[in-house]
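# Working through the structure, step by step
Single-letter residue listing:
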Protein chains: 2
Amino acid sequence: MTRPLLSLITALTALAISVPVDAQDEPPAAPSPGEIVAAAPGSEWVTIPVSDLLVMALAPDAAGKERKVIIQLMPAPFSQGWIDNIRTFARAHWYDDITVNRVQDNYVVQWGDVNYDNPEATGKAKPLPEGLKVVDESNYASQFWCGHHICLPPPPVGNLRRYLSSDYGWNSFLNGWPIGHYDRRQEVWPVHCYGMVGVGRNFSPDTGSGAELYTVIGTPPRHLDRNIALVGRVIEGMEYLSSLPRGHGDLGFYAADEANKRTPILTVRVASDLPAAEQPHFQYLNTDGESFAKYAEARANRRDPFFIVPAGGADICNIPVPVRRVP
Amino acid sequence: MTRPLLSLITALTALAISVPVDAQDEPPAAPSPGEIVAAAPGSEWVTIPVSDLLVMALAPDAAGKERKVIIQLMPAPFSQGWIDNIRTFARAHWYDDITVNRVQDNYVVQWGDVNYDNPEATGKAKPLPEGLKVVDESNYASQFWCGHHICLPPPPVGNLRRYLSSDYGWNSFLNGWPIGHYDRRQEVWPVHCYGMVGVGRNFSPDTGSGAELYTVIGTPPRHLDRNIALVGRVIEGMEYLSSLPRGHGDLGFYAADEANKRTPILTVRVASDLPAAEQPHFQYLNTDGESFAKYAEARANRRDPFFIVPAGGADICNIPVPVRRVP
């Protein structure tokens, strides 16, 4: 053996410590959920109607930085009574100059009129706009698709168990939304995952008008499913709500000596009412598509290099539906 | 009928509008989970050893307010190799002057040496203290109680399904901690709920030394169970971590232009090393006790006045173990 060859062998042996000598002996690293989503073809992305987007501008932060939150409203058949009211509130500019009044750690951020549904209210509540629909308790049924009658079962989710079974019954995805449903009866309803937006209310039979909204900032409070109307989800700017200072009054409302912590909401607009150049455009990954099935399976069984033991399943709220700006 | 009696009847009729005429006709309102916990006798509260508490002082906030975070370390048999290291780091004052380097929305807050395990590292990592234990990959087994041999099954949880079944297998509570376990094999392990604290690591077989710690600030990332060592939970001051500004570098680390967002950690002390007058004292509600069983059942089936439809179950992470300062 000549010296150069020996050197080559020594070099290869040294390399073998950090990489396999023959890369074909090892299966390629499994893609992460993020890599699967990034590789999804454009045909699997569904554009969200601009009229289903709300643009909520919070007052700039302490450093003067703009804070915009984009909320996607649910499509029919869910919760349309409340959603019609939300568009009415936005178009009447009723939400302008309301504030974030409640930030309860590991629970919700809630915004609305500081003098309504707030234990710290000191003034007169703002009059409601005209044209609101009366959404009474029977309207919770509109959270249940198909009522007590036949309807299509939720779609399969690839190799993942066809319906996710959890402590909250059965779960799946429908038209880009996480849903719960009964095993035999076919009602389905939207569920409380991180970032979902719902309608604040007082004790039943009050169902809330849409004047008070909240979003989830912690453990999914699934005990609220079917008890409060869900109307949408935050799809951009969630951090501007989730990182707000916590309140120390009852239920996480800002207490009397914390009035200065209330973040003003400058404007809330239905995106389709904005000038065309200012309209945001978003799309979600088709939850009936092949890429979503692979993504959900990978969320349930992480095999990318960091992981040792795949979980073997995933909570519906730990499979967030990918949403992005239209590229 | 004399006038006074009529007045009395009128008064009673008026009252009837807001309260039932005969209170016995209506069952009393079901207690809320919080009311059940508040009524638990002192004998059901278990004192946490002071040596299992860490006191972490963050730099004061912008308004000069003190921010102390209290972490409860897990008792044996879980994760004691890492926990011994954490006490070694604290006693060497190694954690003093480290920073919060990562805040990823709906995931984790992570703190440690800014020049270690940080894509934005620019300087030399801090030398580790002497006396650390080597915790290698086989030590993940210490997250599994009883290994592959017999052990006691987790305790029943009152009227709630004996074991909570979820997308992540079976779950229960053991000595005040939420745990996962297999159906037939008896290994049990701690699980990633909101506020749980774990040990940052790089790719396997690295298991982390305890120099980098994180806590969960969103949807329970249960896919991390058995993949990263859990060592404790935040029991006070969680909001000082969960409300920190989010990072915009890879994985939510603060990017190069966000260095000023890193929150300094002034000191971390094992509470039993503090002067007696400064030692905090906490207790948790016995998870084998009658009150906890009622509490868990009420979390799964809310019947207090706000609720219309009880969920019929609860995720293990949506039954947070009550912890309080010793009254």
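Because the structure is predicted, anything quoted here is derived from the model rather than measured.

Calculation notes
Just so you know, the residues in each chain are numbered from 1, in the order the chain's sequence is written. Each chain is given a letter, starting from A, and each ligand a number, starting from 1, according to the order in which they appear as written. Restriction of local features to residues with pLDDT of at least 70 applies here, the model being predicted, together with a cutoff of 80 or more for giving and counting side-chain atom pairs; totals for whole chains, interfaces and linings are based on all residues. Excluding hydrogens and water, the side-chain figures rest on all heavy atoms present in the structure. Copy-to-copy alignment: least squares on C-alpha atoms, limited to residues at pLDDT 70 or above in both. Between two residues, a contact is recorded if the distance between any of their heavy atoms is within 4.5 Å. Defined by distance alone, a disulfide is two cysteine sulfur atoms within 2.5 Å. Numbering of helices and strands starts at the N terminus; helices are DSSP runs of H or I of at least 4 residues and strands are runs of E of at least 2. The buried label goes to any residue with under 20% of its type's maximum accessible area, the exposed label to any with over 50%, and the partly exposed label to all in between, with areas taken from a 1.4 Å probe on protein chains only. Here, nonpolar core refers to any group of buried Ala, Val, Leu, Ile, Met, Phe, Trp, Tyr and Cys residues whose side-chain atoms link them within 4.5 Å. Any Phe, Tyr or Trp ring, taking Trp's six-membered ring, that has another such ring centre within 6.5 Å forms a pair; planes under 30 degrees apart are called stacked, those over 60 apart edge-to-face, and the others tilted. Put simply, a charge is over a ring when the Lys NZ or the Arg CZ is close to the ring centre, within 6 Å, and near the line of the ring normal, within 35 degrees. Multiplying one less than the number of residues by 1.5 Å gives the expected span of a helix. In this analysis, the protein atoms alone were mapped onto a 1 Å grid. Cavities are point sets where a 1.4 Å probe fits without being able to get out; pockets are open sets with protein on both sides within 12 Å along at least five of seven lines; lining residues have an atom within 4 Å of a point. Grid points are joined across faces, edges and corners, and a volume is the space filled by probe spheres set on the points. Classification used: nonpolar for Ala, Val, Leu, Ile, Met, Phe, Trp, Tyr, Cys and Pro, charged for Asp, Glu, Lys and Arg, polar for all others including Gly. What makes two strands pair is DSSP finding at least two bridges between them. Accessible area that two parts lose when put together, with a 1.4 Å probe and added across both, is what the buried area reports. A side-chain nitrogen of Lys or Arg and a carboxyl oxygen of Asp or Glu constitute a salt bridge if their distance falls within 4 Å. By the criterion applied in these results, polar contacts are pairs of N or O atoms within 3.5 Å in which, for protein atoms, one can donate a hydrogen and the other can accept it, and in which residues neighboring in sequence qualify only through two side-chain atoms. Here the axes come from fitting lines to C-alpha atoms, over the contacting stretch only for helices, and the angles between their N-to-C directions go from 0 to 180 degrees.

Time to look at the relation of the copies chain A and chain B. For the pair chain A and chain B, the superposition axis carries a translation of 0.0 Å, the fit reaches an RMSD of 0.0 Å, and the rotation angle comes to 180°. Expressed as an axis order, the relation between the two copies is that of a two-fold axis. Taken together, the interface assignments show that 100% of the residues at the interface of chain A recur at the interface of chain B, consistent with an identical surface on both copies.

Turning next to the state of the cysteines. Residues and elements named next belong to chain A. Here the structure, examined in full by the defined rule, presents 2 disulfides over all chains. The residue that forms a disulfide with Cys193 is Cys317, at a sulfur-sulfur distance of 2.1 Å. Sign of the S-S torsion, about -75° for the bond between Cys193 and Cys317, identifies this disulfide as left-handed. Of this pair, Cys193 sits in the loop between strand 9 (188-190) and strand 10 (196-199) while Cys317 is found in the loop between helix 5 (290-300) and strand 15 (323-325), placing the two residues 124 residues apart along the sequence. Summarising the burial analysis for this pair, Cys193 and Cys317 share the class buried.

Let's shift gears to the nonpolar core. The nonpolar side chains of a soluble globular protein tend to be buried, and buried together. Tyr95, Trp111 and Leu241 of chain B are the most contacted members of the largest nonpolar core, which has 83 residues in total. When residues no more than four places from it in sequence are discounted, the contact partners of Leu241 of chain B are Met56, Leu58, Val69, Val109, Trp111, Thr215 and Val234 of chain B. Counting 80 residues, the second largest nonpolar core, distinct from the first, contains Val188, Ile235, Tyr240 and Ala298 of chain A.

On to the packing of aromatic side chains, then. Residues and elements named next belong to chain A. For the structure shown, the criterion picks out 14 aromatic pairs over all chains. Judged by centre distance (5.5 Å) and plane angle (75°), the rings of Phe306 and Phe307 are edge-to-face. There is no split in this pair, since Phe306 and Phe307 are both buried. Taken together, Phe89, Trp94 and Tyr95 form an aromatic cluster joined through their ring pairs. The lysine or arginine in question, Arg226, covers the ring of Trp189, its NZ or CZ lying 4.2 Å from the ring centre. A cation over a ring is seen here: Arg233 above Trp177, with NZ or CZ 3.8 Å from the ring centre.

Here the focus is helix 3 (residues 80-91) of chain A. Residues and elements named next belong to chain A. With 12 residues, helix 3 should reach 16 Å at 1.5 Å per residue; the first-to-last C-alpha distance of 16 Å fits that figure. For helix 3, the complete set of buried residues consists of Gly81, Trp82, Ile83, Asn85, Ile86, Arg87, Phe89 and Ala90. As for helix 3, its buried residues are in contact with strand 2 (53-58), strand 3 (67-73), strand 10, strand 11 (213-216), strand 12 (230-236) and strand 13 (265-270).

It is the rolling of a water-molecule-sized probe over the atoms that shows where space remains empty. Going through the model one piece at a time under the given rule, you end up with 5 cavities of 30 Å³ or more. Taken as a whole, the largest cavity encloses approximately 70 Å³ of empty space. Lining the largest cavity, in full, are Tyr168, Thr219, Pro220, Arg222 and Asp315 of chain A together with Tyr168, Thr219, Pro220, Arg222 and Asp315 of chain B. Tallied by class, residues from the lining of the largest cavity come to 4 nonpolar, 2 polar and 4 charged.

This part takes up the pairing of strand 5 (residues 108-112) of chain A. Residue and element names in this part refer to chain A. Among the 5 residues in strand 5, 5 count as buried, and that is most of the element. Burial along strand 5 is two-sided: Val108, Gln110 and Gly112 and Val109 and Trp111, pointing in opposite directions, are all buried. Examined bridge by bridge, strand 4 (residues 99-103) and strand 5 share 4 bridges and lie antiparallel to one another. Residue pairing in the sheet places Val100 in a bridge with Trp111 of strand 5.

It is worth spelling out helix 3 (residues 80-91) of chain B at this point. Where helix 3 of chain B is buried, its residues contact strand 2 (53-58), strand 3 (67-73), strand 10 (196-199), strand 11 (213-216), strand 12 (230-236) and strand 13 (265-270) of chain B. Directly after helix 3 of chain B, the chain includes His93 of chain B, whose backbone phi takes a positive value near 55°.

What follows is about the interface of chain A and chain B. In this assembly, 49 residues from chain A lie in contact with 49 residues from chain B. Taking both partners together, chain A and chain B bury about 4100 Å²; carbon and sulfur atoms supply 52% of that area. Summed over the shared surface of chain A and chain B, the result is 0 salt bridges. Here chain A and chain B share 18 residue pairs in polar contact (both at pLDDT 80 or more) between them. Breaking the side of chain A that touches chain B down by element, the ones donating at least two residues are strand 6 (164-166) and helix 4 (238-242) of chain A.

What follows concerns the pattern of salt bridges. Residues and elements named next belong to chain B. If you walk through the whole model with that rule in mind, you get 24 salt bridges over all chains. A salt bridge links Arg87 to Asp84; the shortest N-O distance between them is 3.9 Å. You can see Arg87 and its partner Asp84 sitting in helix 3, 3 residues apart, about one turn around the helix. Here Arg246 makes a salt bridge to Asp105, at a shortest N to O gap of 2.8 Å.

Let us now look at the sheet that holds strand 11 of chain B. Residue and element names in this part refer to chain B. Read across the sheet, 8 strands follow the order 4-5-11-10-12-3-2-13 without closing on themselves; strand pairing throughout is antiparallel. The open sheet has two edge strands, strand 4 (99-103) and strand 13, and neither has a second partner. With strand direction ignored, the average angle separating the axes of adjacent strands in the sheet is 30°. As defined by bridge partners, strand 10 adjoins strand 12 across 3 bridges and the pair is classed as antiparallel. Residue Gly198 lies in a different strand from strand 12, and its bridge partner there is Leu230. Contacting strand 2, strand 3, strand 10, strand 11, strand 12 and strand 13, helix 3 crosses the sheet at an angle of about 120° to strand 13.

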